[in-house]
Amino acid sequence: MEPGWTIREIPPGEREPFLPLLILADPDETVVRKYWEEGSMWALFVKGVPVCEALVIPGEGDACELKNLATRERDWGRGYARALLGYVFKACSAYWKTMYVGTSDSGRAFYSGFGFISSHVVKNFFIDNYAEPIMENGVRCIDMFYLRKELD
Ligand SMILES: CC(C)(COP(=O)(O)OP(=O)(O)OC[C@H]1O[C@@H](n2cnc3c(N)ncnc32)[C@H](O)[C@@H]1OP(=O)(O)O)[C@@H](O)C(=O)NCCC(=O)NCCS
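Quick look at the structure, then. Keep in mind that what you see is a predicted model, and the values were worked out from it rather than measured.

Thresholds, definitions, all that
Residues numbered from 1 in each chain as written. Predicted model: local features only at pLDDT ≥ 70, side-chain atom pairs only at ≥ 80, totals over all residues. Heavy atoms only, no water. Helix = DSSP H or I, 4+ residues; strand = E, 2+ residues; numbered from the N terminus. Rg over C-alpha atoms; globule rule 2.2 N^0.38 Å. Contact = heavy atoms within 4.5 Å. Areas by Shrake-Rupley, 256 points an atom, 1.4 Å probe, with all protein chains shown as cover. Lys, Arg positive; Asp, Glu negative; His and termini not counted. Charge placed at Lys NZ, Arg CZ, Asp CG, Glu CD. Near = heavy atom within 4 Å. Polar contact = N/O pair within 3.5 Å; in protein donor to acceptor, adjacent residues only side chain to side chain. Buried < 20%, exposed > 50% of the residue type's maximum accessible area, 1.4 Å probe, protein only. Pairing = 2+ DSSP bridges. Right-handed = clockwise from strand over helix to strand, strands pointing away.

1. Quick notes on the overall build of the protein
So, step 1. The helix and strand tally for the protein stands at 5 helices and 9 strands.
So, step 2. Each helix and strand of the protein, placed in order from N terminus to C terminus, yields the pattern β-α-α-β-β-β-α-β-α-β-α-β-β-β.
So, step 3. Relative to the globule expectation of 15 Å for 152 residues, the C-alpha radius of gyration of the protein, 15 Å, shows essentially globular dimensions.
So, step 4. Taken along its principal axes, the extent of the C-alpha atoms in the protein is 40 × 30 × 30 Å.
So, step 5. Once local pairs closer than 6 in sequence are excluded, the contacts in the protein between residues at least 24 apart make up 63%.
So, step 6. Counting every atom, the protein has about 8,400 Å² of accessible surface; 52% of that belongs to carbon and sulfur.
So, step 7. Side chains of the protein give 17 positive and 22 negative charges; the mean places of these two sets differ by 5 Å.

Quick look at the structure:
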């Protein structure tokens, strides 16, 4: 990681410049625009430039959902998502007990590295909610896999 990075909460109404980052995690802009003014968003900046963002929306009861997480492609593998998520878990633990995240089959390994465990599956989610097929590593995403993490 570059020295001098900072994390800042981004209020609704100031999120438009972050759209290119959000689209990395969720390629359908129409879908992103349905949820991105909801909940809380944080971004990690290096020398004033946003390199990573995380968006969390309220869930049911004492749960929230990590709805979007992305790092600028040229900065993948530098620890920015880990740094941002560490901050976000702490911030969210003041309000929520449990965090859910929904991901494609291939995203499950990433989140298990952050202490998330399998919760439930929503069959055909990517077919029912997206106009175009969503592909990851050449494989079409079909079901949404939800994982959960207790925030402490
Ligand atoms: C997934 C993503 C957010 C990771 O961001 P990043 O800043 O590169 O992540 P970090 O460098 O902080 O890596 C955090 C950990 O995840 C691991 N990791 C990264 N990508 C992974 C993957 N695809 N599968 C499994 N583990 C992965 C890293 O090895 C690292 O582990 P470590 O801390 O034990 O060494 C980034 O690749 C991205 O924006 N992808 C496109 C958007 C997306 O798919 N978002 C949804 C996530 S499933």
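2. Considerations on the site of the ligand
So, step 1. Taken together, 17 residues lie around the ligand, and L69, T71, G77, G79 and R82 are the ones closest in.
So, step 2. Between an oxygen atom of the ligand and a main-chain N or O atom of T71, the distance comes to 2.8 Å.
So, step 3. Here W76 contributes a side-chain N or O atom positioned 3.4 Å from an oxygen atom of the ligand.
So, step 4. Contact with the protein chains hides 63% of the accessible area of the ligand, taken as 900 Å² for the molecule alone.
So, step 5. At the level of elements, α1 (19-25), β4 (63-71), α3 (80-93) and α4 (108-112) are the ones that each hand at least two residues to the shell around the ligand.

3. Focus: the pairing of β4
So, step 1. The element β4 is extensively covered by neighbouring structure, given that 8 of its 9 residues are classed as buried.
So, step 2. For strand β3 (residues 49-58) and β4, the ladder comprises 7 bridges, and the chain directions are antiparallel. When the sheet's bridge partners are listed, E53 is paired in β4 with A70.
So, step 3. Joining the antiparallel neighbours β3 and β4 is a turn of 4 residues, in which G61 adopts a positive phi near 60°.
So, step 4. Relative to strand β5 (residues 98-103), β4 runs parallel, the two sharing 4 bridges. From the neighbouring strand, C64 faces β5, where its bridge partner is M99.
So, step 5. The handedness of the β4 to β5 crossover, carried by α3, is right-handed.

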